[in-house]
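Okay, here's what each chain looks like letter by letter:
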Amino acid sequence: MNATVKRRKIISLIALSLSTGAALFGLFWLIFILFDVIRNGIAGLSLDLFLKDPAPPGVEGGGLRNAFIGQLEIVFFATIIGVPLGILAGTFIAEYARGTKFARVVSILSDIMVSVPSIVVGTFIYSILVKPIGSINLGGFLGVLFLSVVIAIIFGGILNFVVNRILNNISIKNPATVKLINLSVVLTTVLFGLITFIVLFPKFVDKIYGFNGWAGASALAFIMIPVVLRTTEDMLTLVPWTLREAAFALGASYYRVIKDIVYRSAITGIITGVILSISRVAGETAPLLFTSFNNQFFTTNMNEPIASLTVMIFTYAMGPYEDWHKQAWASALVITLFILLITVIARSIIHYKFGKHKSQ
Amino acid sequence: MKRIFKVPFADVSFGFVSFLSALLILILIISVFIVLYKESSPAIEEFGVLKFIFTEDWNPVKEIFGAAAPLYGTIVTTILALLFAVPIGIGIAIFLSEISPSFLKTPLGVAIEMLAAIPSIIYGMWGLFTLAPIMKNYVEPFIQKTLGQIPIIGALFQGDIMGVSLFTASVILGIMIIPFIASVSRDALNLTPNIMKESAYAVGATKWEVIKDVMIPYSKLGIYGGIVLALGRALGETMAVAFVIGHNPEINLSLFQPATTITVTLANEFTEADTDLYLSSLFYLALILFILSFVILAVAKYFLIKAERGFKR
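Rules of the game
Residues numbered from 1 in each chain as written. Chains lettered and ligands numbered in written order. Predicted model: local features only at pLDDT ≥ 70, side-chain atom pairs only at ≥ 80, totals over all residues. Heavy atoms only, no water. Helix = DSSP H or I, 4+ residues; strand = E, 2+ residues; numbered from the N terminus. Buried < 20%, exposed > 50% of the residue type's maximum accessible area, 1.4 Å probe, protein only. Contact = heavy atoms within 4.5 Å. Areas by Shrake-Rupley, 256 points an atom, 1.4 Å probe, with all protein chains shown as cover. Lys, Arg positive; Asp, Glu negative; His and termini not counted. Charge placed at Lys NZ, Arg CZ, Asp CG, Glu CD. Phe/Tyr/Trp six-rings, centres within 6.5 Å; stacked < 30°, edge-to-face > 60°. Patch = residues over 30% accessible without salt bridge, like charges linked within 9 Å, V, L, I, M, F, W, Y side chains within 5 Å. Salt bridge = Lys/Arg side-chain N within 4 Å of Asp/Glu carboxyl O. Buried area = accessible area lost by both parts, 1.4 Å probe. Polar contact = N/O pair within 3.5 Å; in protein donor to acceptor, adjacent residues only side chain to side chain. Expected span 1.5 Å × (residues − 1). Domains from an automatic or database assignment.

Here the focus is the overall build of chain B. Tallying secondary structure elements over chain B gives 11 helices and two strands in all. Along chain B, helices and strands appear, N-terminal first, in the series α-α-β-β-α-α-α-α-α-α-α-α-α. Dimensions of chain B, computed from the C-alpha atoms along their principal axes, are close to 85 × 70 × 35 Å. Residues counted as buried form 56% of the 313 residues belonging to chain B. When contacts within chain B are restricted to residue pairs at least 6 apart in sequence, long-range pairs at least 24 apart make up 76% of them. Carbon together with sulfur atoms contributes 67% to the accessible area of chain B, which is approximately 13,500 Å² in total. Taken as two groups, the 20 positive and 22 negative side-chain charges of chain B have centres that lie 17 Å from each other.

In structure tokens:
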């Protein structure tokens, strides 16, 4: 009896030390990487890196100003495109379509999409936004289409606001009239969008041709949308249903409930999701390789190929020059610190917000 | 009393716009399939499915393309990376949930989450500049001298050592997916009800027996989900591998030779493809990768949903 107890205790000790050992071994590599990036990165950091454009290959000096600016620009526009779409879609499946099969399918599919290989996203965006199909410039077409839709939605919002303001003081007793007014606002918006498209199309269609910054931003937005969607959905589900019922009881419409009650209670969580999605795409390289491509020169024009820090790191690290390697390490440090910083911010928001909730 | 009818335009249009956004997600996923299939159709017609998968040649000059070499590289690196990362990841998870003193749990947990956030290009670059020389000078010669002498297994470790190899790529990939496995498994292990652990302790189980016979069976599905999720990530990883695998479209039995994966082939050749068939074959590779990872991620999701349901019961 005693012997088996002893044996079991020894086995337990061995197994526990093994898993402690595994943990130490794993952590060792991870700390090794961080330490190496910091050590080599600091050695390569200089003010020139941020203030100068790349020198010709083989020439010492120069910096990566164009890549820093390009990276910021691409991530900024990816956020502008991806975040509203993600939040709106998340709102739809958490509010309007709550509990339906459609919501479930979209939710599961976007969970899968979060982990779809980013290089596949790159090839997909390449074939719709970069590569012309025969004589049709699909990229330009979709770009103008997107632009007109956005303009039309903004126009519709303003029109609706104005109409609301005017009609607020007039009593309309007939529901049919209300419907008619709604319909006419919608029709005007659609018509406005169509006209915008027709006017803008010949002017802008050939602006985007070949590799361009918009394609890079769209590829990153493609990766951001499911991340934002899922966090928005989770955060909205956390808002207690009774809170909405209280607002409904006061006669608020669903839109007002979402805008003034649900978003207000979930805003911290949604912002955290947005920050996390930015940290997810800020270090992506693969989807940019054949969308925004690379550019040795300084440009802020999103219609052209545009340099990004990550693609630059790839090119420089694979290149033959010692000076390039140094700059690649320094950029790697900058990008790692940036991502770790925003991740820490997001995590501490979660901790602060939900830690407080728990203690209540 | 004056009744005021507000025009509920905002209500309707907000619902409609948000519905369109949700629909866009579905449309995007379906159009990835359609677009990749359409782009790769010339190559599908030319090479067929089985012939493409089992042809080893990748010759842009003669326009003969086969996916065997990149597919082999992808599968081998993924399997090796999992062999490396799964025990360590689960070890970390067990350490974090049961062994670690409580003041270390939060900082270590945060450290793991942060490491999962480091971009893959950093892992790749570190692999090229730091790990590859270590592999070349110390690890690979050592393995060659020991394991390489055993008759049958030895064939895996032959050839000139360059540091840039299938083996190095697998190690980098393994290091990269450790945090994923660790954090998902830790979350799964933490969901074991305390009362179950306590009852096991009460009948005299040792700590390891509680972990092995109570916690792991209870959180099995969650751990499987984490592993399959990591598998999906490893399959589609580009940058961590691109630096250290050497992009050599051949199948070598030896793990110490340069090889290639689907993602690396795409990253290196996509912008250089000059003929339609060449580009179309690359799209074909992307399609295969997309389908593979989609199926694997769906399986992971299935495990995780099942695990969640189990916990709720």
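Moving on to the packing of aromatic side chains. Note on aromatic pairs: each is described by the distance of the centres and the angle between the planes. Tallied over the entire structure, the rule returns 41 aromatic pairs over all chains. Summarising the aromatic geometry, the rings of Phe25(A) and Trp29(A) are spaced 6.0 Å apart at their centres and angled 90° between planes, so their arrangement reads as edge-to-face. Of the two residues, Phe25(A) and Trp29(A) are both situated in helix H1 (residues 2-44); the distance of four residues between them amounts to about one turn of the helix. Owing to a relative accessible area of 37%, Phe25(A) belongs among the partly exposed residues under this scheme. On the accessibility criterion, Trp29(A) (13% relative accessible area) is buried. Here a set of aromatic residues connected by ring pairs shows up, and it is made of Phe25(A), Phe28(A), Trp29(A), Phe32(A), Phe84(B) and Trp126(B).

A cluster of nonpolar residues, Phe146(A), Val150(A), Ile154(A), Ile158(A), Phe161(A), Val162(A) and Ile166(A), forms a patch on the protein surface that exposes about 650 Å² of accessible area. Inspection of the secondary structure assignment puts Ile154(A) in helix H6 (residues 138-167).

Turning next to the environment of Val228(B). Residue and element names in this part refer to chain B. By the element assignment, valine 228 lies in helix H8 (residues 207-236). When its relative accessible area of 13% is taken as the criterion, valine 228 is described as buried. Measuring from C-alpha to C-alpha, the distance between valine 228 and leucine 297 comes to 7.0 Å, with 69 residues separating the pair along the chain. In contact with valine 228, not counting residues within four places along its chain, are Ile296, Val299, Ala300 and Phe303.

A complete count under the given rule lists 16 salt bridges over all chains for this structure. Of the charged contacts in the structure, one is a salt bridge between Arg256(A) and Asp260(A), with a shortest N-O distance of 3.4 Å. Taken together, the residues span about one helical turn, with Arg256(A) and Asp260(A) both in helix H10 (residues 254-282) at a distance of four residues. The partly exposed category is assigned to Arg256(A), whose relative accessible area is 38%. Sharing partners across several salt bridges, the network here consists of Asp111(A), Arg230(A), Glu233(A), Asp234(A) and Lys301(B).

What follows is about the interface of chain A and chain B. Contact residues are listed per partner, giving 96 residues for chain A and 89 residues for chain B. Each partner contributes to the roughly 8,300 Å² buried at the junction of chain A and chain B, and carbon and sulfur atoms together form 80% of this total. Applying the counting rule to chain A against chain B returns three salt bridges. Residues Lys301(B) and Asp111(A) are paired through a salt bridge, measuring 2.5 Å at the closest nitrogen-oxygen approach. Taken together, the links from chain A to chain B amount to seven residue pairs in polar contact (both at pLDDT 80 or more). Considering every element that reaches the side of chain A that touches chain B, the biggest residue donor is H1(A), with 20 residues.

Let us look at the environment of Thr196(A). Residues and elements named next belong to chain A. Turning to its location among the elements, threonine 196 is positioned in helix H7 (residues 175-204). Excluding residues that lie within four positions of it along the chain, threonine 196 makes contacts with Ser148 and Ile151. A polar side-chain atom of threonine 196 sits 2.5 Å from the main-chain carbonyl oxygen of phenylalanine 192.

The end-to-end C-alpha distance of helix H4 (residues 102-117) of chain B is 24 Å, a good match for the 22 Å that 16 residues give at a rise of 1.5 Å each. Within the sequence span of H4(B), burial applies to Leu108(B), Gly109(B), Ile112(B), Met114(B), Leu115(B) and Ala117(B).

The subject of this paragraph is the domain arrangement of chain A. All names here are of chain A. The domain boundaries assigned to chain A delineate domain 1 (49-131 + 210-355) and domain 2 (133-208). Distance between the C-alpha centres of domain 1 and domain 2: 27 Å. In this assembly, eight residues from domain 1 lie in contact with seven residues from domain 2. Summing both partners gives a buried area of about 640 Å² for domain 1 against domain 2, and 65% of it is carried by carbon and sulfur.

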